[in-house]
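Examining the three-dimensional arrangement
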2 protein chains.
Amino acid sequence: MARPRLSDGTRTRLLEAGAAAFLENGYHGTGIKQILDEVQVPKGSFYNYFASKEDLGVAVIRYYRDCTARSMAEAMENAPAPLVGLRTFFERQMAAFEEARFAGGCLLANLAGELDGSDACRDALAVAFRAWRDDVRDALAAAQRDGTVRADIDATELADVLVESWEGAVIRMKIDRSLEPLDRCLRHQLDGYFRP
Amino acid sequence: MARPRLSDGTRTRLLEAGAAAFLENGYHGTGIKQILDEVQVPKGSFYNYFASKEDLGVAVIRYYRDCTARSMAEAMENAPAPLVGLRTFFERQMAAFEEARFAGGCLLANLAGELDGSDACRDALAVAFRAWRDDVRDALAAAQRDGTVRADIDATELADVLVESWEGAVIRMKIDRSLEPLDRCLRHQLDGYFRP
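Remember, predicted model here, so these are calculated numbers, not experimental data. (Residues numbered from 1 in each chain as written. Chains lettered and ligands numbered in written order. Predicted model: local features only at pLDDT ≥ 70, side-chain atom pairs only at ≥ 80, totals over all residues.)

**As for the interface of chain B and chain A**
Counting residues at the interface gives 36 residues for chain B and 36 residues for chain A. Looking at the side of chain B that touches chain A, the elements that each hand over two or more residues are α1 (8-25), α6 (107-114), α7 (119-145), α8 (155-176) and α9 (180-193) of chain B. Counting residues per element, the side of chain B that touches chain A draws most heavily on α8 of chain B, which supplies 13 residues. Of the residues belonging to the side of chain B that touches chain A, the class tally is 14 nonpolar, eleven polar and eleven charged. (Contact = placed C-beta atoms within 7 Å. Helix = DSSP H or I, 4+ residues; strand = E, 2+ residues; numbered from the N terminus. Nonpolar A, V, L, I, M, F, W, Y, C, P; charged D, E, K, R; others polar.)

Set out below in structure tokens:
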């Protein structure tokens, strides 16, 4: 049976609403109906867009990955130097977190916390995390070339250290409702351990 | 009305089962009934032990905090030097994670990911996180005194850096099903940035 023709706009709005709902209430705390109501899509048509809630989860993770990649690219594009661009990316994240009153945080970390049971989601999380790590690695490698980041440790390894420290800092930010853990991460990693 | 006399044993078993279930399926993914079935307690008597699911959540967070404190104390007690004790604590955590096939992870981080909506749980998480940070700070301060950790950064600040990096590494461990992020955290923080 042919599937009805789908509006890309509706699918994107479902992904946006899904990302927002998962950020606010977690995957298990979110019902499909709630997302459909938000986007004003009738219940029956959900399965025109996604095979299951898990399928929506995977698509939301990919959508979030693409948003992060775009945000990184924007920050790097207009920066006078790679380390400045990387810092701009993190500072924009901090501004967005503060605007959200420290709720939400990072969707990848939150979903990692509750999605042990879904191999499909875990695979999507691993891909998304690695894609972000690779963007950070490229920025750090460029900074190594211009002498603003230590070059005696591999850029991939430094990128892993940075993104993992950042994710833990985001968790602490959510608990303490404060940007201090994020500031601390940048201060001790980027401006401390990573210095040439 | 007087509450029936409660068995501490049953309450503890409910906390153990709650911690295990929250680790496996998250807070929102866990039903009270499932915990009661696990411990073979009749549904009606849940409210003899806890006022609500949220109240159980708070109690589970405290219980988890106490377990972590005990584990830290044990590791430190028998260690020839504070830095060795701290390392032992983290290595035992890694062994336990590996035994659990990288599922679960850290209950504090997982619940932080999905419990924006509960002030009571968030407060309990903040207290638990700070108690653990304080234990790590005490170990690092002792290591500073015996010259095995750099003394030019405050021990509390170093402890924050370490526990936050560790939490992010645990998230990545869950996603990648690998101890490498945890190894990396100890390698670059404890054996790298923290060296005198």
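**Notes on the packing of α1 of chain B against helix α4 (residues 53-77) of chain B**
Residues and elements named next belong to chain B. Packing of α1 against α4 brings their axes to within 9 Å, and their N-to-C directions diverge by 95 degrees. Taken as axis vectors, α1 and α4 run roughly perpendicular relative to one another. When α1 is examined against α4, the residues Leu-15, Gly-18, Ala-19 and Phe-22 are found in contact with a partner set consisting of Leu-56, Ala-59, Val-60, Tyr-63 and Tyr-64. Grouping the constituent residues of the contact of α1 with α4 by class yields eight nonpolar, one polar and no charged. (Axes fitted to C-alpha atoms, helices over the stretch in contact; angles between N-to-C directions. Parallel < 35°, antiparallel > 145°, perpendicular 65-115°, else oblique.)

**So, unusual backbone geometry**
Phi at Phe-102 of chain A takes a positive value of approximately 70 degrees, unusual for a residue other than glycine. The exposure class of Phe-102 of chain A is partly exposed, given the 18 C-beta atoms found within 10 Å. A positive phi is found at Gln-40 of chain B, a non-glycine position, where the angle reads about 55 degrees. (Buried ≥ 20, exposed ≤ 12 C-beta atoms within 10 Å, placed from the backbone.)

**What about α4 of chain B?**
Residue and element names in this part refer to chain B. Here α4 contains 25 residues, and its C-alpha end-to-end distance of 36 Å stays within 8% of the 36 Å for a straight helix at 1.5 Å per residue. When we look at burial in α4, the residues that qualify are Leu-56, Gly-57, Val-58, Val-60, Ile-61, Tyr-64, Arg-65, Thr-68, Met-72 and Ala-75. Structurally, α4 contributes buried residues whose contacts are with α1, α5 (82-99), α6 and α7. (Expected span 1.5 Å × (residues − 1).)

**Some points on the nonpolar core**
With 108 residues, the main nonpolar core has Leu-108, Leu-111 and Leu-125 of chain A together with Leu-108, Leu-111 and Leu-125 of chain B as its most contacted residues. Excluding residues within four positions of it along the chain, Leu-108 of chain B makes contact with Tyr-64, Leu-125, Ala-128 and Phe-129 of chain B. (Core = buried A, V, L, I, M, F, W, Y, C linked by C-beta atoms within 7 Å.)

**Quick look at the relation of the copies chain B and chain A**
It takes a turn of 180 degrees to lay chain B on chain A, together with a shift of 0.0 Å along the axis; the resulting RMSD is 0.0 Å. The symmetry that links the two subunits is that of a two-fold axis. A high fraction, 100%, of the interface residues of chain B reappear at the interface in chain A, so the copies pair face to face through one surface. (Least-squares fit on C-alpha atoms with pLDDT ≥ 70 in both.)

**Considering the environment of Glu-167 of chain B**
Locating Glu-167 of chain B in the fold gives a position in helix α8. Distance in space between the C-alpha atoms of Glu-167 of chain B and Asn-25 of chain B is 18 Å, their sequence separation being 142 residues. Those residues in contact with Glu-167 of chain B that lie beyond four places of it in its chain are Gly-168 and Ile-171 of chain A together with Cys-106 and Ala-109 of chain B.

**Considerations on the packing of α1 of chain B against helix α2 (residues 32-39) of chain B**
Residues and elements named next belong to chain B. Interhelical geometry of α1 versus α2 gives an angle of 125 degrees and a closest axis separation of 9 Å. When the axes of α1 and α2 are compared, the pair comes out oblique. Handedness of the crossing formed by α1 with α2: right-handed. In this structure, α1 uses Thr-10, Arg-13, Leu-14, Ala-17, Gly-18 and Ala-21 to contact α2, whose residues at the interface are Gln-34, Ile-35, Glu-38 and Val-39. Residues that form the contact of α1 with α2 fall into these classes: five nonpolar, three polar and two charged. (Left-handed = near helix turned anticlockwise from the far one by under 90°.)

**So, the environment of Cys-67 of chain A**
Here Cys-67 of chain A is to be found in helix α4 (residues 53-77). With 91 residues separating them along the chain, Cys-67 of chain A and Leu-158 of chain A place their C-alpha atoms 23 Å apart.

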